[in-house]
Amino acid sequence: MSYQDITEPFVFSIDELVSKALANHKSYVSAYPFPHIVIDEFLPLNYANLLLSVFPDKNSDVWLDWKRRDILHQPKKQGIGHASRLTDVSPYLQNILFAFNSFPFLNFLEKLTGIGKLLPDPYFYGGGVHQILTGGKLAIHTDFNHLVQLDLYRRLNVLLYLNKDWNPDYNGYLELWDLNMTTCVKSIAPVFNRLVVFNT
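What you are looking at is a predicted structure, and each value in this text was computed from that prediction instead of being measured.

Engineer: Report on the sheet that holds strand β6 (residues 156–161), specifying residues and quantitative values.
Structural biologist: As summarised here, the arrangement of the 3 strands in space is β1-β9-β6, forming an open sheet in which the pairing is antiparallel. Taken across any chain shown, the strands that pair with only one partner, and hence form the sheet edges, are β1 (36–39) and β6. Strand-to-strand, the axes of this sheet are offset by a mean angle of 10°, without reference to chain direction. Both β6 and strand β9 (residues 194–199) contribute to a ladder of 6 bridges, which runs antiparallel. Paired with L156 across the bridge in β9 is N199. The sheet strands contacting helix α1 (residues 14–30) are β1, β6 and β9, and the helix crosses β1 at an angle near 135°. Against the sheet, helix α4 (residues 103–113) makes contact with β1, β6 and β9, and its axis sits at roughly 115° relative to β6, the strand it touches most.

Structure follows, in structure tokens:
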């Protein structure tokens with residue numbers, strides 16, 4: 001089946017995710033420089049292709065104006081800032097975001113990481129969808145932990161990449177640095193349908 005044939009909403013299989021979580025738990029908690037995991041081909045290929053086909057282009061009204069944001073540390077990084085900006089994106093894109101906030105995926109994260117009582121952020125503060133335009137970057141940084149709007153402590157980041165035919169010459173790797181931020185310990189290419197989970 002190709003992605004053009006998809007008519008049903010996407011729903012994670014609890015059993016499949018539990019199996020992935022248990023298979024990767026030890027690798028996750030023992031990873032250096034902090035707990036993380038990289039899982040390739042995370043979504044069914046036809047659904048990942050569908051998401052790419054409906055992803056907002058750089059001129060979409062969904063994006064906040066990056067020129068009015070942090071152009072020193074995050075030049076040419078497009079984001080939404082809040083879930084309210086997602087009203088006009090494809091229902092397929094909304095659906096996958098709902099799936100990532102659902103019990104099957106939270107259960108997967110708890111079993112993968114060993115962190116219990118996880119709650120999603122339905123407002124997508126600092127989350128949702130992002131893209132970095134050609135020549136853009138995110139400088140080395142540590143994400144915020146306290147989500148003031150919900151009075152919650154942010155524990156995990158989850159990234160799903162949708163870059164088709166990624167060329168290593170683009171650079172643009174996700175870099176994991178040591179705790180002193182002096183050495184890059186690991187570089188992760190943002191290749192298509194790759195899931196990255198790490199402790200915040």
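Engineer: Give a description of the environment of Q131 that names residues and reports values.
Structural biologist: Assignment of secondary structure puts Q131 in strand β3 (residues 130–132). In the structure, Q131 is positioned 49 residues away from H82 in sequence and 15 Å away in space, judged by C-alpha atoms. Excluding residues within four positions of it along the chain, Q131 makes contact with F55, P56, D57, K58, W63, K76, K77 and Q78.

Engineer: So, the nonpolar core: which residues are in play, and what are the values?
Structural biologist: Counting residues in each nonpolar core, the largest one holds 39 residues, and the members touching the most others are F12, F42, I96 and F108. Of all the secondary structure elements, the ones that give two or more residues to this core are α1, β1, α2 (45–54), α3 (91–100), α4 and β9. If sequence neighbours within four positions are ignored, F12 has contacts with L17, F42, L43, A99, F100, P104 and F105. Residues L176, I188, V196 and F198 belong to the second largest nonpolar core, which totals 6 residues.

Engineer: Can you explain unusual backbone geometry? Please cite residues and give values.
Structural biologist: Here Y32 and P33 are connected by a cis peptide whose omega angle stands at 15°. Of note, P33 is situated in the loop between α1 and β1. Not every positive phi belongs to a glycine, and K76 is a case in point at roughly 60°. Relative to the helices and strands, K76 is located in the loop between α2 and β2 (77–79). The class for K76 is partly exposed, based on a relative accessible area of 31%. With a phi close to 55°, D165 is a non-glycine residue in the positive phi region. Given a relative accessible area of 69%, D165 falls into the exposed group.

Engineer: Kindly report on α1, identifying the contributing residues and their values.
Structural biologist: Between its first and last C-alpha, α1 extends 24 Å over 17 residues, near the 24 Å set by a 1.5 Å rise per residue. The sharpest bend along α1 reaches about 50° and sits at N24. Within the span of α1, buried status applies to L17, V18, A21, N24 and Y28. Of the surrounding secondary structure, the elements contacted by the buried residues of α1 are β1, α4, β6 and β9.

Engineer: Can you tell me about the packing of α1 against α4, naming the residues and giving the values?
Structural biologist: In a pair of packed helices, the angle between the axes and the distance between the axes together describe the arrangement. Where α1 contacts α4, the axes come no closer than 7 Å and their chain directions differ by 25°. Our classification of the angle between α1 and α4 gives roughly parallel. Note on packing geometry: the crossing formed by α1 with α4 is right-handed. Where α1 abuts α4, its residues I14, L17, V18, K20, A21, N24, H25, Y28 and V29 lie against F103, P104, F105, N107, F108, K111, L112 and T113. Looking at the contact of α1 with α4 residue by residue, the classes come out as 11 nonpolar, 4 polar and 2 charged.

Rules of the game
- Residues numbered from 1 in each chain as written.
- Predicted model: local features only at pLDDT ≥ 70, side-chain atom pairs only at ≥ 80, totals over all residues.
- Heavy atoms only, no water.
- Pairing = 2+ DSSP bridges.
- Helix = DSSP H or I, 4+ residues; strand = E, 2+ residues; numbered from the N terminus.
- Axes fitted to C-alpha atoms, helices over the stretch in contact; angles between N-to-C directions.
- Contact = heavy atoms within 4.5 Å.
- Core = buried A, V, L, I, M, F, W, Y, C linked by side-chain atoms within 4.5 Å.
- Buried < 20%, exposed > 50% of the residue type's maximum accessible area, 1.4 Å probe, protein only.
- Expected span 1.5 Å × (residues − 1).
- Bend = angle between axes of the 7 residues up to and from the residue.
- Parallel < 35°, antiparallel > 145°, perpendicular 65-115°, else oblique.
- Left-handed = near helix turned anticlockwise from the far one by under 90°.
- Nonpolar A, V, L, I, M, F, W, Y, C, P; charged D, E, K, R; others polar.

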